[in-house]
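# Coordinates in review
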Amino acid sequence: MTAPKLIQGYEVVIGFETHTQLQTQSKIFSRAPTAFGAAPNTQACAVDLALPGTLPVMNREAVQCAIKLGLALGSHIAPRSVFARKNYFYPDLPKGYQISQFEIPVVQGGTVSFFVGDQKRTVRLVRAHLEEDAGKSLHEDYQGMSGIDLNRAGTPLLEIVTEPDMGSGEEAVAYARELHKIVTWIGICDGNMQEGSFRCDANVSVRKPGQPLGTRREIKNLNSFKFMQQAIDYEIRWQIEEIEEGRAIQQATVLFNPDTGETRAMRSKEDSADYRYFPDPDLPPLCISEQWIEQTRAQMPELPRAMAERFVQQYGLPEYDATTLTQSPAMAAYFEAVATASGQAKLASNWIMGELSRRLNADEIGIEAAKVSSAQLAALIGRIQDGTISNAAARQVFDALWAGEGQAVDAVIEAKGLKQMNDIGALEKIVDEVIAANPDNVAQFKAGKDKAFNALVGQVMKASKGKANPQQVNDLLKARLA
């Protein structure tokens, strides 16, 4: 465990609550559809509107999603969990309560591991519970009034709650990215943050080292990683300034304004007692059999954490490489195709994490749309390995392939005249000429100066127009100067 990072002498403590919208065709307790973007109030049925005499019926697919999450995070999946009524009044909550889980959630415990830079971190989870979403209040279109759209009311959510294990905005964002990767990887959420499918609430507090936990403020509905970082960093600075000025922090729910880069208090924060939770009499306990869990386990894809461990074992990659290459199923598949075809896993990893990732970021495209195929990259790596081209020449070939200047690696090498010199006699002649023309460097090298040797290597490479094999140049120079 690394020592917590201090900001102006304060320790930062962050916990997360993430609302993950589940990829089901219908709502959690009704048959109304969940598709995004429909006209207001066209996807709300009698159950969602809480009309008298309606009863909720559990959506089996939503439970299946909860089981998948529990398996992916190494959590305990409760064989029996209970739905509760969370009572509060809001115009877009027709029943006057939200159906959620309180004392016994369906998913309990578990961990999420990720890297911050090259440091591995692990965040412990408290729980993940099933609940319904509320509707939406619309203010901007109405003068002095609010409109209510109940399309979202009853949309199935898993609320994923962490322990307060994070100590900086950077670490919190890395956790959120990893969780986002997991829920999209296992197919329970589309991860679309703009549409509200993956929204995070950050509980932020600060304290002097060794002191009890400070008063937390909850930043609601962070729906982009960029804003998440800005909001948390601002909130940390604001809380430290308040304490330094002698003012006490009040527990509150706050909103982040991306235009000003500031957080502002929306309301005082409720505690669980304010919601008067009690078991929902309309819903029996949710019972999940061991058989159902095992059937789900058998259908699960290889998880990113397990795949990264396999990459370390099977391909001898460093853990950092393996974690980076399992950012998405598409990236992992691309790497495996290159590594298998070329037989050079570490070189494949270096090229994908370096040259290829730079191009994808610059063009703002995913690896699925990469302009160099896995077969082309494997062929290029093969030509580096067999000494046909140097690393520098390989980058030129990669540039040409990315620009669409040919499909075959060998044809591009030929057309651009990038083959390394394999004529040892011609190389020996160049080496002898360089030694004869640079007596000062030769003398300095013999006096023990390594820089002089590098200068000689550079002269040979220049004389060969970059086509000499650097290793052969090194070996020949050392032999001649010995």
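Residues numbered from 1 in each chain as written. Predicted model: local features only at pLDDT ≥ 70, side-chain atom pairs only at ≥ 80, totals over all residues. Heavy atoms only, no water.

### Brief notes about the environment of Ile 186
Threshold: Working definition: helices are DSSP H or I runs of at least four residues, strands are E runs of at least two. Numbering for both runs from the N terminus. Contacts are assigned to residue pairs that have any heavy atoms within 4.5 Å of one another.
When you line up the elements, Ile 186 lands in the loop between α2 (169-185) and β13 (198-207). Counting along the chain gives 118 residues from Ile 186 to Lys 68, while the straight-line C-alpha distance between them is 7.2 Å. Discounting chain neighbours no more than four positions away, the residues touching Ile 186 are Lys 68, Leu 69, Ala 72, Met 300, Pro 301 and Leu 303.

### Considerations on the sheet that holds strand β6 (residues 97-101)
The condition is simple: Here, strands pair whenever DSSP counts at least two bridges between them.
Spatial strand order, β6-β5-β17: three strands in an open sheet with antiparallel pairing. Pairing within the sheet leaves two strands with one partner each, and these edge strands are β6 and β17 (278-279). Two elements, strand β5 (residues 83-87) and β6, share five bridges in a ladder whose sense is antiparallel. Residue Lys 86 lies in a different strand from β6, and its bridge partner there is Gln 98.

### Things to note about the packing of helix α7 (residues 329-342) against helix α9 (residues 374-385)
Note the following rule: Every axis in this analysis is a line fitted to C-alpha atoms, fitted for helices over the stretch in contact. Angles between the N-to-C directions lie between 0 and 180 degrees. Roughly parallel here means an angle under 35 degrees, roughly antiparallel means over 145, roughly perpendicular means 65 to 115, and every remaining angle is called oblique. Should the near helix be turned anticlockwise from the far one by less than a right angle, the crossing is left-handed, and should it be turned clockwise, the crossing is right-handed. Under the scheme applied, nonpolar residues are Ala, Val, Leu, Ile, Met, Phe, Trp, Tyr, Cys and Pro; charged residues are Asp, Glu, Lys and Arg; polar residues are all the others, including Gly.
Orientation of α7 relative to α9, taken along the N-to-C sense of each, is 40°, at an axis distance of 8 Å. Comparing the axis directions of α7 and α9 gives the class oblique. The hand of the α7/α9 crossing is right-handed. Touching Tyr 334, Ala 337, Val 338, Ala 341 and Ser 342 of α7 are Ser 374, Leu 377, Ala 378 and Ile 381, all from α9. Residue composition of the contact of α7 with α9, grouped by class: seven nonpolar, two polar and no charged.

### Details of the nonpolar core
The condition that has to hold: To qualify as a nonpolar core, a set must consist of buried Ala, Val, Leu, Ile, Met, Phe, Trp, Tyr and Cys residues joined through side-chain atoms within 4.5 Å. For the exposure calls, accessible area comes from a 1.4 Å probe over protein chains only, and a residue counts as buried if that area is under 20% of its type's maximum, exposed if over 50%, partly exposed in between.
Phe 16, Leu 130, Tyr 175, Met 228, Ile 232, Phe 335 and Leu 377 are the most contacted members of the largest nonpolar core, which totals 108 residues. For this core, the leading source of residues is α2, giving nine residues. Beyond its immediate stretch of four places on either side in the chain, Phe 16 contacts Ile 160, Val 161, Thr 162, Met 166, Ala 172, Tyr 175, Ala 176, Cys 200, Asp 201, Ala 202, Met 228 and Ile 232. Of all hydrophobic cores here, the second largest spans 16 residues; its members include Val 431, Val 457, Met 461 and Val 473.

### What about the pattern of salt bridges?
The following threshold applies: For this analysis, a salt bridge means a side-chain nitrogen from Lys or Arg found within 4 Å of a carboxyl oxygen belonging to Asp or Glu.
Under the definition given, this model contains 25 salt bridges. Ionic pairing is found between Arg 207 and Glu 11, a salt bridge with its closest N-O pair at 3.1 Å. Of the two residues, Arg 207 sits in strand β13 while Glu 11 sits in strand β2 (residues 10-21), which places them 196 residues apart along the sequence. When its relative accessible area of 21% is taken as the criterion, Arg 207 is described as partly exposed. Given the relative accessible area of 12%, Glu 11 is considered buried. Notably, a salt bridge pairs Arg 247 with Glu 242, separated by 3.0 Å at the nearest N-O pair. Given the relative accessible area of 44%, Arg 247 is considered partly exposed. Residue class for Glu 242 comes out buried when judged on its relative accessible area of 14%. Linked by salt bridges that have partners in common, Glu 355, Arg 358, Arg 359 and Asp 399 make up one network.

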